[in-house]
Each structure stands twice: as structure tokens, then as C-alpha cells.
Amino acid sequence: MRYTSLDAIREEIGRGALTCQALVEQYLQNISEKRHLNAFLEVFEEEARQQAAEVDAKLQAGTAGKLAGMVIGIKDVLAYEGHTLQAASQILNGFKSLFTATAVQRLRAEDAIIIGRQNCDEFAMGGSNENSSFGPTLNDLDNTRVPGGSSGGSAAAVQANLCLASIGSDTGGSVRQPAAYCGVVGMKPTYSRISRYGLVAYASSFDQIGVMTHSVEDAALLLEVMAGQDEFDATVSQRPVPAYSQNLSFEGKARIGFIKDSFDSPGLNPEIKAATQAVLDALQAEGHTVEGVDFPFLDYIVPTYYILTTAEASSNLGRYDGVRYGFRSENATDLASMYKKTRAEGFGKEVQRRILLGTFVLSADYYDAYYTKAQQVRRLIKEKTDELLSQYDFLIVPTTPTTAFKIGENTKDPLAMYLEDIYTVQANLAGIPAISLPMGHDSQGLPIGVQVMTKAFGEEQLFAFSKHLMTHQPQETV
Ligand code: GLN
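Residues numbered from 1 in each chain as written. Predicted model: local features only at pLDDT ≥ 70, side-chain atom pairs only at ≥ 80, totals over all residues. Heavy atoms only, no water.

Draft legend 1. Quick peek at the overall build of the protein chain. Per the secondary structure count, the protein chain includes 16 helices and eleven strands. On C-alpha atoms alone, the protein chain measures out to a radius of gyration of 21 Å, which is about the 23 Å that the 2.2 N^0.38 rule sets for 478 residues. Along the first, second and third principal axes, the C-alpha atoms of the protein chain reach 65 × 55 × 45 Å. Considering the protein chain as a whole, with its 478 residues, one finds that 59% of them fall into the buried category. Taking the contacts inside the protein chain whose residues are at least 6 apart along the sequence as the reference set, 75% of them involve residues at least 24 apart. Working note: accessible area of the protein chain is about 18200 Å², and carbon and sulfur atoms make up 50% of it. (Helix = DSSP H or I, 4+ residues; strand = E, 2+ residues; numbered from the N terminus. Rg over C-alpha atoms; globule rule 2.2 N^0.38 Å. Buried < 20%, exposed > 50% of the residue type's maximum accessible area, 1.4 Å probe, protein only. Contact = heavy atoms within 4.5 Å. Areas by Shrake-Rupley, 256 points an atom, 1.4 Å probe, with all protein chains shown as cover.)

Written out as C-alpha cells, the structure reads:
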């Protein structure tokens, strides 16, 4: 079986050919056959079966919610009461959530079935899933390659048909980049659109929850369910949430800008460039306006992002001290050594690197040179992006400069790894919504993602336009 939309599942349920219980059994079977992918850190077998039985009863009674039939995996950064939550880190060893994240709560309230907790880079820091303390997740199309990250387990699970959709988090591309590497849809909404109550904090002025699905329709429906005000998160937007899934037809002609600097950057794989160009050509042929635009800050995007996110992370991760959560070193001799040893033993290399970098850029002597300067550059990037989006409905760029790379290929070179984020972090720096859509494959059969950005709170038009763009997926025989 291979379901690629909730509609298809509901249609089969409707004509009596499928039940949620049978569906869950199929997914559990797939998960066990694909255990080598290491996509799930924990499978909630019995609970998922029980939830399925309850949803079947509700479907019979005509009282089922919008997400009945949707089987979802959640990234290991989302709290789910009574379940382990580790952010794929040893420092949270033994920690269980005391409450459920608002986003997950809302999915459950609409009868989604939660099938398990998914692998990711430790504290969502990474772009390949190689920073998980539970080992890497593998890309299902080629097991020698990464699925991307940090929501790598979540993307691979949708790719390999281990659940219909996944919920991840996106601080600098962690939903869109793995979606691109795995050939699925990945969407990050406007900063503040979804409550972050119950999301493990990485860099709080960037973090957003996002979705990974096969179809734009399912992404729209999931956002509609999760978004909106929440008394537990003071940073969430109070704006009403449109019925995204009901307004998916794109009418009229769009004004589309493509960022020339991104297209001309030397690190861009020519096949990704060609695939993006093909989409732009097709849109132009349909009568949309397609124009190249200048964005003079491309070289500053990655450094600005890494200065600000490491600074915020160094502060956010201060709470893991051996006292409040999970793990405590057994080698401590006094209070100070308890803190030090707990953090040295509990955090992995990349997380330690980022805490050190963050502490450095915030230190008194360097604060103005790095942190203040990066805040100023962030403002310039945001203002320029907003200006472009006042002239154009959408900005189109590749999601990533390369397709899925080999496991181990970039691990010795953090800079090369960070540069993979060059096209995704702009949306986080500017706080705008962005989506990665699968647009064919390269000559090695690896998926290519094309990214569309729009202005803050423009999700409705973004989904409608994306659904239209999916009709431009190349016809190929892979
Ligand atoms: N790869 C980026 C990083 O390592 C993005 C991570 C994310 O979005 N969580 O920071």
C-alpha cells in the first residue's frame, strides 16, 4: 500500500475497503520492515492501535474529527504527555513529558493517530541527521545517503511510507531541507503562526513547527488544525486562521521573483538549477510574470543565522545542568564539576560547538562585533526580503544547493554543512512562510526540491499556488 493523501484514505474508508485499525497495522508493518532506516526512536504500537479503534468507532458514529485516518509521526522535540522526549540527546536521558505540546494536542483533538517519535539531529542542530545520539537516519532511496536534517527521521518516515505525515521543527530549514532530500512536501509557516508550547527550544527568535506530507492538501489541512492563538504561548499570533484546505484553487496571474544571486551561486548543483529554471519557464509560459531580482545579502545569510542561533542556543540550553532534567554525570565530585561533567558527557560534539560559539559571540569583548552586528544584518535581510515581497507575490529559489549527500561526506567540515542551509535560512531570518515542493530527480535518481516563499501570513496563497505548481512536476520514469 502507498497512500499519498488523507483524501485517498478517507475515500477507501468511506467505501468500506479500509479501517483505521487496518491502516495502522500496515504502517506498523512498514515500520518494522524498514527498521534499518532508523527513522523512529520509539513506535507507539499499542497506543496507535487503540487510537485507531477509537477513531473507527467515531467514524461509524459520524462524530470523527477532520484528521480521522491521518497517521502521524512526531519529531523528538515535541512534548507528548507520558512519553519520552529527548531531542535525540543523551542529556535528556530518562526524561518524560509532563504535558502535551499544543500542536500535538490539536492534532489529537481532530482524531489524528500518533504512531511514534522520530529521530533527528540533537536539539535540531544539523542538516543531515548525523548529529543524533541514536545514530543517523538513512535515506530510503539510497541507504548510503542522508535524509537531510534536522527533521531527518520525520522526512524519511513520510518518504518510506511509515506514516502519512510528520510534524517537525524548522529553525533554519529543518523541515524544508529534509523534505527536499526525501522527495516530499515540507512547509514552514510564518514565525508565530503555530504555538511553540511544548516544543524544545533551539533558537527562539527562529523556531517554528512545520509539516511534512506527500500532498499540499494535507499540509494545508495540518496547518489549519495546528495554527492559531494559544494561552500557553505568548509569542503566538492572535490572527484568525484561514481554512487553508478549503481555498486551494489559485486564480489569476502571479508576479514571481527569482533571486538571481542564488541561481548564480557556484555551489549550486546544475541539475537543481535546471529543475528550478524549468518551473520558472513553465510559469512564464502560462502567463505569470517571472523576473530575476537582486538580493545583495546572500553571502551574509549563513553567518548571520549561525551567529544569532548559536547565541540563542547557548542561552536556551543553559537549563540542561544535571539538576532539572534527565541525565546527571556520575563522575562529579562537587557542584561545579557536576554541571561541567553533566554537560560534557550529555551533549554531543555539534551541540557543544554551538554552545561555545554562542557563548563567544555573546561575551563582553565580542558582543558588539558579532551579536549586535548580526542583529543589524538580520534587520537588513528582513527589510530587503519584505521589500521584494511587496513587489512580487512569490520568491522562488532552490531548497538546497545539492541533493542528498553521502553519510559522512560533510561531517569533518562543519562549514560545508552550514552552507547547505544557504537557501532555507532566509525565510527564518525574515520570519516568512516557505514551502519545499518535490520537483523531479537528478541523474542519480535523488529528489530535487524547489522552494517558494511569500509574505508573512500569506500561507493561504502559498498553498494554493503550491498546489498549482505540483502540476508542473516533471513526468519521469525513475
Ligand atoms: N541546518 C540548520 C542548523 O543546523 C537548520 C536546523 C533547524 O532548522 N533546526 O541550524
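Still more to cover.
Draft legend 2. Seen up close, unusual backbone geometry. Omega for the bond connecting Gly149 with Ser150 falls within 30 degrees of zero, at 5°, which places this linkage in the cis form. For Ser150, the location among the structural elements is in the loop between strand 3 (113-118) and helix 5 (152-159). Phi angles above zero are rare outside glycine, and Ala88 is one such case at about 55°. Of note, Ala88 is situated in the loop between strand 2 (71-75) and helix 4 (102-109). For Ala88, a relative accessible area of 0% translates into the label buried. One non-glycine residue, Asp111, adopts positive backbone phi at about 75°.

Draft legend 3. Summary view of the site of the ligand. If you check the shell around the ligand, you find 15 residues, and the closest are Thr171, Gly172, Ser174, Tyr202 and Tyr305. Gly173 is positioned such that a nitrogen or oxygen atom in its backbone is 3.3 Å from an oxygen atom of the ligand. Its free accessible area being 290 Å², the ligand has 99% of it covered by the protein chains. Along the lines of polarity and charge, the residues of the shell around the ligand split into five nonpolar, seven polar and three charged. (Near = heavy atom within 4 Å. Polar contact = N/O pair within 3.5 Å; in protein donor to acceptor, adjacent residues only side chain to side chain. Nonpolar A, V, L, I, M, F, W, Y, C, P; charged D, E, K, R; others polar.)

Draft legend 4. Representation of the environment of Glu387 within the structure. Residue position: Glu387 is located in helix 13 (residues 368-391). For Glu387, a relative accessible area of 37% gives the class partly exposed.

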